[in-house]
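Residues per chain, in single letters:
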Amino acid sequence: MSIYSWILARQADGGFASDVNLPDHDDLGPDGGAAWVPGAYEALLMRSDYSIRRYAFQNYLLARKVKKQITKPSDANREAAETALRKTGAIAVVDPLASFLISMRTDRNAARSEAMRLAAESGKRELVKVGIALLGVFGSAEDIPVIETLSSHEEFTFYGAPAIRALAGAEKVNGILLPLCDRLDGWGKTAILYELNYSGENGGTASDYLLRRGCANRLGTEINANLCATKGRLSEKLEELCAPDAELPDGELFRGICDIMWGLTVFDGVHDSINDYKHGINARSCFKELVESKPVLCETDGRAAAIIERMR
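What you are looking at is a predicted structure, and each value in this text was computed from that prediction instead of being measured.

K.L.:
Before we go on, may I ask you to explain the overall build of the protein chain in this structure?
P.N.:
Counting secondary structure elements, the protein chain contains 18 helices and zero strands. Overall size of the protein chain, expressed as C-alpha extent along the three principal axes, is 70 × 45 × 40 Å. Across the 312 residues that make up the protein chain, the buried fraction comes to 50%. Once local pairs closer than 6 in sequence are excluded, the contacts in the protein chain between residues at least 24 apart make up 70%. In the form shown here, the protein chain has an accessible surface area of approximately 15,000 Å², with 50% of it arising from carbon and sulfur atoms.

K.L.:
Even after reading the chapter, I still don't get the environment of Ala306, so can you show me in this structure?
P.N.:
Note on placement: Ala306 falls in helix 18 (residues 303–311). Taking relative accessible area as the criterion, Ala306 reaches 29% and is therefore assigned partly exposed. As a C-alpha pair, Ala306 and Thr265 span 41 residues in sequence and 9.9 Å in three-dimensional space.

K.L.:
For this particular structure, what's the right way to read the packing of aromatic side chains?
P.N.:
Each aromatic ring pair is characterised by the separation of its centres together with the angle its planes make. Tallied over the entire structure, the rule returns four aromatic pairs. Grouped by ring-pair contacts, the aromatic residues Phe57, Tyr60 and Phe100 constitute a single cluster. Its end group placed over the ring of Trp262, Arg310 keeps NZ or CZ at 3.6 Å from the ring centre.

K.L.:
Would you mind going over the packing of helix 1 (residues 3–13) against helix 8 (residues 144–151) with me for this structure?
P.N.:
Angle between the axes and distance between the axes: these two values describe a pair of packed helices. Contact pair helix 1 / helix 8: the axes reach a minimum separation of 9 Å and the direction vectors enclose 75°. In terms of their interaxial angle, helix 1 and helix 8 are classed as roughly perpendicular. Counted together, Tyr4, Ile7, Leu8 and Gln11 of helix 1 and Val146, Thr149 and Leu150 of helix 8 form the full contact between these two elements. Residue classes in the contact of helix 1 with helix 8 are distributed as five nonpolar, two polar and no charged.

K.L.:
I keep staring at the state of the cysteines and nothing clicks. Help me out?
P.N.:
When the sulfur atoms of two cysteines share a covalent bond, that bond is a disulfide. Summed over all chains, the structure comprises zero disulfides. For the unlinked cysteine Cys181, the closest cysteine sulfur is that of Cys228, found at 8.7 Å. Taking relative accessible area as the criterion, Cys181 reaches 0% and is therefore assigned buried. Its sulfur unpaired, Cys242 is 4.7 Å from the next cysteine sulfur, which belongs to Cys286. The class of Cys242 is buried, set by a relative accessible area of 15%.

K.L.:
I keep staring at unusual backbone geometry and nothing clicks. Help me out?
P.N.:
Keep in mind that most residues, glycine aside, have a negative phi and that most peptide bonds are trans. Of note, Arg105 is a non-glycine position whose phi angle comes to about 55°, a positive value. Among the structural elements, Arg105 can be located in the loop between helix 5 (90–103) and helix 6 (108–121). Even without being glycine, Phe267 reaches a positive phi, approximately 50°. Structurally, Phe267 is set in the loop between helix 15 (251–264) and helix 16 (280–293).

K.L.:
Is there a simple way to think about helix 10 (residues 173–181) in this case?
P.N.:
Where burial is concerned, most of helix 10 is hidden: seven out of the nine residues are buried. Here the buried face of helix 10 lies against helix 8, helix 9 (157–168), helix 11 (187–193) and helix 12 (200–214).

K.L.:
Can you help me understand the pattern of salt bridges in this one?
P.N.:
Pairing is possible between side chains of opposite charge, provided their charged atoms come close. Inspection of the entire model under this criterion finds 24 salt bridges. Note that Arg218 is salt-bridged to Asp19, the shortest N-O span being 3.9 Å. Note that Arg218 is positioned in the loop between helix 12 and helix 13 (225–231) and Asp19 in the loop between helix 1 and helix 2 (40–46), a separation of 199 residues in sequence. Using a relative accessible area of 35% as the deciding quantity, one classes Arg218 as partly exposed. The partner of Glu114 in a salt bridge is Arg117, with the nearest N and O atoms 2.7 Å apart. Here Arg117 and Glu114 lie together in helix 6, a separation of three residues that amounts to about one turn.

K.L.:
Would you take a moment to explain helix 6 for this structure?
P.N.:
Helical periodicity: at 3.6 residues per turn, an α-helix aligns residues three or four positions apart in one direction. Across its 14 residues, helix 6 extends 19 Å between first and last C-alpha, which sits within 8% of the 20 Å expected from 1.5 Å per residue. The set of residues buried in helix 6 consists of Ala111, Glu114, Ala115, Met116, Arg117, Leu118, Ala119 and Ala120. Looking at the buried side of helix 6, the elements it contacts are helix 1, helix 3 (56–71), helix 4 (75–86), helix 7 (125–138) and helix 8. For helix 6, the N-terminal capping position is held by Asp107, with its side-chain oxygen 3.2 Å away from the main-chain nitrogen of Asn109.

About the thresholds
Residues numbered from 1 in each chain as written. Predicted model: local features only at pLDDT ≥ 70, side-chain atom pairs only at ≥ 80, totals over all residues. Heavy atoms only, no water. Helix = DSSP H or I, 4+ residues; strand = E, 2+ residues; numbered from the N terminus. Buried < 20%, exposed > 50% of the residue type's maximum accessible area, 1.4 Å probe, protein only. Contact = heavy atoms within 4.5 Å. Areas by Shrake-Rupley, 256 points an atom, 1.4 Å probe, with all protein chains shown as cover. Phe/Tyr/Trp six-rings, centres within 6.5 Å; stacked < 30°, edge-to-face > 60°. Lys NZ or Arg CZ within 6 Å of the ring centre and 35° of its normal. Axes fitted to C-alpha atoms, helices over the stretch in contact; angles between N-to-C directions. Parallel < 35°, antiparallel > 145°, perpendicular 65-115°, else oblique. Nonpolar A, V, L, I, M, F, W, Y, C, P; charged D, E, K, R; others polar. Disulfide = S-S within 2.5 Å. Salt bridge = Lys/Arg side-chain N within 4 Å of Asp/Glu carboxyl O. Expected span 1.5 Å × (residues − 1). Polar contact = N/O pair within 3.5 Å; in protein donor to acceptor, adjacent residues only side chain to side chain.

This is the structure we're talking about:
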């Protein structure tokens, strides 16, 4: 069974979880007490200074194998291409692979067919990731439902979110990614937040989402706190709420703001704190003023007073 079919079946049964083990989990072979966290491999690599680049000639040879399967599909060519692809994590090869395939003037329709085969028919996660990424380059808007289904598992959202943005366009991407974001609560959710459109007419919707529900995350509110504060325009919203004639924020909005402020006051030396947020000084004083002038808000979220204490 392909991973795509497996996800579809689990969704139909109502038992799908975005962090459940994939069918090829035994291939991972984690050492000792190591644990697999969906999407963490890509997310942590992108936040480190570890080099994932390979020699250009290696990527060129890989692209030749993949193009051969694209232009002359056969069992032998497929096996050669997939074996080569599985030797290295998808994150290290998808960008140079796509670049080489474009420079080789690969037929777009044929490339799209092969990308869809990898994404929808493969039982190995790294091949699925390559397929999703290539669909983002060679696919069309008709392929978005397949990518969206795969992206509902957080192991694939890192690849699916930018692919959906590329195929849907900036004006439509929020309408697709925001509902998907509500179904995720780990690294996949983080991946989506970076692909939303925060400008133009749709920008306000995305910014409001970040203030309300963007920061909540099973990995910890500190993961997305600075992103949500920046793109959600936290400082501006707190200024509005502190105005003399402003109404009390509704429960969801205030809890979302507390999520962000709680995440920004972890001060663990690893994640961004309120000192790293560009408008942190203003946000700190406005949050303190808001809570102290409207103490009823402490009943909405009990962390409010603790946040002020942590900021001291």
